[in-house]
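Structural characterization, general
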Amino acid sequence: MAHSARKDSPELPDFSYLKSLAKDHLIDQLRKIPGKKDLFIEPDLMSPLDRIANVSTLKQHEVDKLFKVEYKPIISTSDQLCFLIRPRIQTVKWICDVANADKAAGRSRRYNIIFTPQKFYACDAVLEEQGLFEEVTTYEWEFYLLPLDDDIISLELPEFFRDSFLAGDQRWVRTVSNSLCLLQSLYGPFSNVYGIGRISKMVEKCWREQGERGQTKNQQAKIGKVFLIDRDVDFVTPLCSQVVYEGLVDDIFRIKCGCVEFGPDVTSSDRSTKVMLNSQDKVFNQIRNEHFSNVFGYLSQKARNLQTAYDKRQGMDIKQMKAFVSEELKSLKQEHRLLSMREFCCSSLRNCGQTCVSHCPVSFSDISASESIMKTKTSQDFQELLRIEHSLLEGFDIRECISFIEEHIIRQASITESMRLLCLLSMTENGLLSKDYRSLKTQFLQSYGTDHLFTFANLRQLGLLVEQQPGETLTVMESKVGKLVNDKTAGKLTDAFSSLTKKSHFRALSRKLNLVPKSDKDYDLRVPKDMAYIFSGAYNALSCKIIEQVLERDSWTGLEEVTRLINSPEFTVTVSNNPELSPKSDAQRIIFVMFLGGCTFSEISALRFLGKEKGYRFIVVTTAITNSSRMMEALLENRV
């Protein structure tokens, strides 16, 4: 079932200290605010805060009541208010409105703002404009890194993607740089830093300017190499549907800070159930990186084994029964609970129309999850959707793919799903022909509203959905030949002809790096042979392939054509020549991969597979966990 790691794989460093550090610093900030206080927390900080400090910890430091920031008049009766927020102008303006409303009502309070991970000048400027600079006390909670699992660390900055790549805002560069400084101060010097992308280059420069702040001499090196990679280097991978188990759970149920919450519509009860997803969950750890077609078989066998263990009670005498209860029963119940959770989760996913295994012996028919799933998934058959995606990646049957997308839009299926398919079509075809672009754009605006003209502007700005320029299309002679076969009966020939003549960077990259493996009907998803298994053997993630190639060469040498096609600056920096970081050392085989702009669970699974194959251990550091829906939502504009 699970792909076993090489016996010589190094042990990972303990990253739990990052959480302790963040907790201690938060407590320090609360101690600076003496007296009872009501704490207002920004919604997207509630999940990270829950992982770091529980309610009892906050209560111990004189936090009386907790509220969520909701941008409306507050109901607190406390004489001291504290706001734990991101450095956002909108939120600071709301706090100013609260303070000014108190002034108008003749009420006197003390106001405190704790910015995390840092305060920006624009926030002070807003306070000054509102005449509250002297009345509001500000603090900084330097919370940079949250370990979500043994090999996943997140900065929990979902806005990084839009701010950095769409708005061109560089304010988070220093935040990421500070996180690198923190990692190096705690886990020793790195040997080399490899990077690709405009933002990565800025982060590296900022980090180098900060020097070796906090690094102690003769510190033992625990990390070897570091990769910095911009999200816009590879947009195709997050646009593809995820089919590894953890990726599917994220797509359907939304994993937040390593936790997933199943609502009443899934649990068939009046209560929601929150489950922590990490390597401590033995059942989940076995299936998280597996292609979904393998999961039901594993859970079925696991259920049979559990039943066999329970059946051992039959025929026991009193002494044996006591030993069974004290030694095995608790463990069996825990395993049964975890297995049950996986089963109803799998049942939910199976109701999406995915073809995995015909049945599972452990039945949870009382759990009706299909309604919950259908809210987040379209009514289109999932297998047909995957076939269309694979056709787009391979460059075949493009007319059929366009028809599928048109039907998707006309049905007014999920707007983010329609956007995703449009972007995948554009990225794999190096832009759309003018007639296709205009037709699809018109249909999209008619179905979802003309206010999404701004959405198209955002997609165009990022290069996700563009119209081909005249110079990129066919020559006059090629166009005349193309017209001769431009009918339904010869559609495939037209598409094949077009793909040969258009200068598609994705197609060129695919050939250079073998991103789309040759069709292999015997591809065994139970025993995968390469990273392409994360997309059913149809596609190797570009981001992960780049990392693999650089590691093989220990440089960018030989990848000049690849970086030219990607059109992003690449760099290599030698940070330390520490003898502890010899090629054969354990530290040299532990590699940080930092995704700037988000990382998918599919990419994490691919890197885990690569590490097991090559004897590396990868630690994924990301600004946030992302997927196609989150990425599209960040680019949606529904205002005129």
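Above this text is the structure in question.
A short tour of the structure in this document, coming up. Every value quoted in this text rests on a predicted model; they were computed, and no experiment measured them. Numbers given to residues run from 1 along each chain, matching the order in which its sequence is written. Owing to the predicted nature of the model, reporting of local features is limited to residues with pLDDT of at least 70; listing and counting of side-chain atom pairs is limited to 80 or more, with chain, interface and lining totals taken over all residues. The side-chain numbers reported here are obtained from all heavy atoms of the structure, hydrogens and water having been left aside.

Some points on the packing of aromatic side chains
How two aromatic rings sit relative to each other is given by the distance of their centres and the angle of their planes. Heads up, the condition is: Each Phe, Tyr or Trp ring (for Trp, its six-membered ring) is paired with any other whose centre lies within 6.5 Å, and the angle between the two planes then decides the class: stacked below 30 degrees, edge-to-face above 60, tilted in between. For the purposes of this entry, the term helix denotes a DSSP run of H or I that reaches at least four residues, the term strand denotes a run of E that reaches at least two, and both are numbered from the N terminus. Each residue gets one of three labels from its accessible area relative to the maximum for its type: buried under 20%, exposed over 50%, partly exposed in between, using a 1.4 Å probe on protein chains only.
Throughout the structure, instances matching the rule amount to 24 aromatic pairs. Plain terms: the ring middles of Phe190 and Phe592 are 6.2 Å apart, the flat faces sit at 90° to each other, and that makes the pair edge-to-face. In this pair, Phe190 is assigned in the loop between α7 (173-187) and β8 (192-196) and Phe592 in strand β13 (residues 590-596), connecting sequence segments 402 residues apart. As far as burial versus exposure is concerned, Phe190 and Phe592 are alike and both buried. Aromatic side chains Phe535 and Tyr539 sit 5.5 Å apart centroid to centroid with 40° between the ring planes, which places their arrangement in the tilted category. Like Tyr539, Phe535 is buried. Three or more aromatic residues joined by ring pairs form one cluster here, namely Phe15, Tyr187, Phe190, Trp207 and Phe592.

Describing unusual backbone geometry
Residue Pro117 follows Thr116 across a cis peptide bond; omega there is 0°. At Asp397, a residue that is not glycine, the phi angle is positive and equals roughly 50°. Mapped onto the elements, Asp397 comes out in the loop between α16 (382-394) and α17 (398-410).

Structural notes on the sheet that holds strand β2 (residues 63-68)
Note the cut-off: Here a strand pair is declared whenever DSSP counts at least two bridges between the two strands. Structural elements are reduced to axes, namely lines fitted to C-alpha atoms, with helices fitted over the stretch in contact, and the angle between N-to-C directions of any two is expressed from 0 to 180 degrees. Between two residues, a contact is recorded if the distance between any of their heavy atoms is within 4.5 Å.
Pairing is parallel in the open sheet, where five strands are placed in the order β2-β1-β3-β4-β5. Strand pairing shows two members of the sheet lacking a second neighbour, β2 and β5 (136-140), which therefore form its edges. When the angles between neighbouring strand axes are averaged without regard to direction, this sheet yields 20°. Direction of pairing for strand β1 (residues 37-41) relative to β2: parallel, over a ladder of four bridges. Bridge pairing links Lys37 to Val63 in β2. Across the sheet, helix α1 (residues 16-31) is in contact with β1, β2, β4 (110-115) and β5; its angle to β5 comes to roughly 160°. Packing against the sheet, helix α4 (residues 89-104) makes contact with β1, β3 (80-85) and β4, and its axis sits at approximately 170° to β3.

A few points about the nonpolar core
Put simply, the rule is: For this analysis, a nonpolar core means a set of buried residues of the types Ala, Val, Leu, Ile, Met, Phe, Trp, Tyr and Cys, connected via side-chain atoms within 4.5 Å.
Core analysis: the biggest nonpolar cluster contains 161 residues, and Trp141, Leu145, Leu464, Tyr539, Phe592, Phe618 and Ile619 have the highest contact counts within it. Look past the residues within four positions of Trp141 in its chain and what remains in contact with it is Ala22, His25, Leu26, Gln29, Leu49, Ile52, Leu84, Ile114, Phe115, Thr116 and Pro117. Residues Phe40, Leu81, Trp94 and Ile113 belong to the second largest nonpolar core, which totals 20 residues.

With respect to the pairing of β5
Heads up, the rule is: For the handedness criterion, the strands are oriented away from the viewer, and a crossover whose path from the first strand over the helix to the second runs clockwise is classed as right-handed.
Two elements, β4 and β5, share five bridges in a ladder whose sense is parallel. In the sheet register, Ile114 faces β5, and the bridge partner there is Tyr139. For the handedness criterion, the β-α-β arrangement of β4, helix α5 (residues 121-129) and β5 is classed as right-handed.

Some remarks on the packing of α4 against α5
Definition in use: Any angle that falls under 35 degrees is termed roughly parallel, while one over 145 is termed roughly antiparallel, one within 65 to 115 roughly perpendicular, and all others oblique. Each crossing is labelled by how the near helix is turned from the far one, with a counterclockwise turn of less than a right angle marking it left-handed and a clockwise turn marking it right-handed. Basically, the charged four are Asp, Glu, Lys and Arg, the nonpolar ten are Ala, Val, Leu, Ile, Met, Phe, Trp, Tyr, Cys and Pro, and anything else, Gly included, counts as polar.
With their axes 9 Å apart at the nearest point, α4 and α5 run at an angle of 25° to one another. The orientation of α4 relative to α5 falls into the category roughly parallel. Handedness of the crossing formed by α4 with α5: right-handed. Every residue of α5 that contacts α4 at Ile89, Val92, Lys93 and Cys96 is listed here: Ala122, Cys123, Val126 and Leu127. Residue composition of the contact of α4 with α5, grouped by class: seven nonpolar, no polar and one charged.

Notes on the sheet that holds β8
Strands sit in the order β6-β7-β14-β13-β9-β8-β12 across an open sheet of seven strands; the sheet is mixed. Here the strands that pair on one side only, and so sit at the sheet edges, are β6 (146-149) and β12 (570-574). Between one strand and the next, the sheet's axes are offset by a mean angle of 20°, whatever the strand orientation. Where β6 and strand β7 (residues 152-154) come together, three bridges link them in antiparallel fashion. Note that in β7 the partner of Asp149 across the bridge is Ile152.

Here's the deal with the pattern of salt bridges
Test applied: Every case where a carboxyl oxygen of Asp or Glu lies within 4 Å of a side-chain nitrogen of Lys or Arg is listed as a salt bridge.
This model, assessed by the stated rule, comprises 33 salt bridges. Here Arg608 makes a salt bridge to Glu246, at a shortest N to O gap of 3.7 Å. In this pair, Arg608 sits in helix α26 (residues 601-614) while Glu246 sits in helix α10 (residues 245-253), placing the two residues 362 residues apart along the sequence. For Asp524, the salt bridge is made with Arg526, and the minimal N-O distance between the two is 3.4 Å. Where salt bridges share partners, they join Asp149, Asp151, Glu246, Arg288 and Arg608 into one cluster.

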